[in-house]
Amino acid sequence: MQKKIYRVILITVAAAVCLFAAAGTYISYYFYRGAAREELAAVGRLIAAEKLDPKEAANRLEDALPYPVRLTYIDYDGSVVFDSSGSVSENHAKRHEVMQAMSEGEGFDTRVSETLGTSLYYFCVKTDTGLIRLSREYSNIAHIALVMIPVMAAAAGIILILATVVSVMLASKLTEPISELTKQIEDVNFHSPRPSTITTDCEELVPIAESTTAMAKQISGHLKEVERTSEIRREFTANVSHELKTPLTTIRGFADMLRSGVVNDGEEVKRSAELIYSESERLLSLINDIIELSRVEENTAKQLESTRLDTLAEEVVYLMREKAVENDIHLHLKAQPVTAMVNAGYIKEMLINLTDNAIKYNKPDGNVWISIDKNSNDAIITVEDDGIGIAKEDRERVFERFYRADKGRGRSGTGLGLSIVKHIAAYHDGQIVMQSNPGDGTAVTVKIPGVIS
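Structural notes, computed from the coordinates. Just so you know, the residues in each chain are numbered from 1, in the order the chain's sequence is written. Since the coordinates come from a predicted model, pLDDT governs what is reported: local features require at least 70, and pairs of side-chain atoms require 80 or more to be given and counted, while whole-chain, interface and lining totals use all residues. No hydrogens and no water enter the side-chain calculation; it runs on all heavy atoms of the structure.

### A short note on the packing of helix H9 (residues 344–360) against helix H11 (residues 417–427)
- Interhelical geometry of H9 versus H11 gives an angle of 145° and a closest axis separation of 9 Å. Where H9 crosses over H11, the handedness of that crossing is left-handed. Side by side, H9 and H11 meet where Tyr346, Ile347, Glu349, Met350, Asn353, Leu354 and Asn357 of the first sit next to Gly417, Leu418, Ile420, Val421, Ile424 and Tyr427 of the second.
- For this classification, the nonpolar set comprises Ala, Val, Leu, Ile, Met, Phe, Trp, Tyr, Cys and Pro, the charged set comprises Asp, Glu, Lys and Arg, and every other residue, Gly included, is treated as polar. Counted by class, the contact of H9 with H11 contains nine nonpolar, three polar and one charged residues. Angular values range over 0 to 180 degrees, each being the angle between N-to-C directions of two axes fitted as lines to C-alpha atoms, with helices fitted over their stretch in contact. Numbered from the N terminus, helices here are DSSP runs of H or I no shorter than four residues, and strands are runs of E no shorter than two. Here a crossing is called left-handed whenever its near helix is offset anticlockwise from the far helix by less than a right angle, and right-handed whenever the offset is clockwise. Between two residues, a contact is recorded if the distance between any of their heavy atoms is within 4.5 Å.

### Focus on the sheet that holds strand S10 (residues 378–385)
- Pairing between two strands is assigned when DSSP locates at least 2 bridges connecting them. Ordered by their spatial adjacency, five strands build an open sheet running S7-S9-S10-S12-S11, and the pairing between neighbours is mixed. In the strand order of this sheet, the two ends are held by strand S7 (329–335) and strand S11 (431–437), each with one partner. The average angle at which neighbouring strand axes cross in this sheet is 10°, direction not considered.
- Across the sheet, helix H8 (residues 309–326) lies against S7, strand S9 (366–374) and S10, angled at about 175° from S7, the strand it touches most.

### Considerations on the packing of H8 against H9
- At a closest axis distance of 10 Å, the pairing of H8 and H9 adopts a crossing angle of 40°. Considering the relative orientation of H8 and H9, their crossing is right-handed. Contacts between H8 and H9 involve Leu309, Leu312, Ala313, Glu315, Val316, Leu319, Met320, Lys323 and Ala324 from the first element and Ala344, Ile347, Lys348, Leu351, Ile352, Thr355, Asp356 and Ile359 from the second.
- Residue composition of the contact of H8 with H9, by class: twelve nonpolar, one polar and four charged.

Printed below as a string of structure tokens:
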């Protein structure tokens, strides 16, 4: 049994180390990739804002950055005006990042450069005189893994050595009372009219010791029935095995807590655990929102059903009332009976996101009004608040993914709520209208066709 426990512990630790290495590599690559893209974008925006001469911009890049960055100035027709890598003759009008920048102001792409033959990040920004594009090489996940292998290997070696020592000590400590109990059971003299009492210092094994003692006395009373001795012994063994399950399960639970550090004391451990929990809650929220957004985007086959929108609004008010009270916000519902062909789950999610934003970006003792109305063609859903409002320059961008108008409070959310709202409205062929001014609150109105009554 000791070897089995030792083997299980080592296998578990080895599997955990492997999972940690894989997760660490992926997370490192994920954040490295995002940081590389954002750093490139920040540099491009700075060059565009300062309106630097191409050669001056290239010289500054070379002096300021520890890695090479290719700088290209492009006319609106796609022709290259300047390229820091040398003379480039082909037209760039059909490049993805260029087309995106022409239509949206900025563009990203990741691909193998036809000119240089390397894997690059591309960022392009549109200016008054043309387009500025920057590119840099990036490391793939295999390269990141190679960089992390020595660190992971060293960590794995230390962990496995410690796990081996701990598992040997723990397995010995866990099995010692069981071994002692087993030895006492084996030494019981069933021919004695008064068999010795089996004892143990392990609280979890006391029921087994007591039941074993009782069974030993019972067996002693039946020794005259020689023909049943074998059957009684088998019954005894079966009962002991059954009784062992509960304490072994308990031991295994405590061992798992010890191995994972749950029972360790210390304020630093507690603080670290709270931070880990807090960050895990945020990322979970981000992932849930990403999953929800992807689900809405990918669900092109519309699944609509006749739904009472006023009933959905009542459910949302009920769900959000506690958060409103916690934030000293008053919820108001004005819902006309409106039935429409919609995806009920999506509409409910949209109402929750809009109401959550209205509560979050409000003032103490503020108000949130939710209204459901209709005209001859559309269902009209409005969520209004008298909160902090949104500046004009932010109103056109708040529906973008991860964009936060209020940077001070934005970290409390994922920055995906209004993007989800936008995609749900598009899913229903609806329209969104936002009215807002700083200090005067915000009203978001969504019109969805398909009214039945």
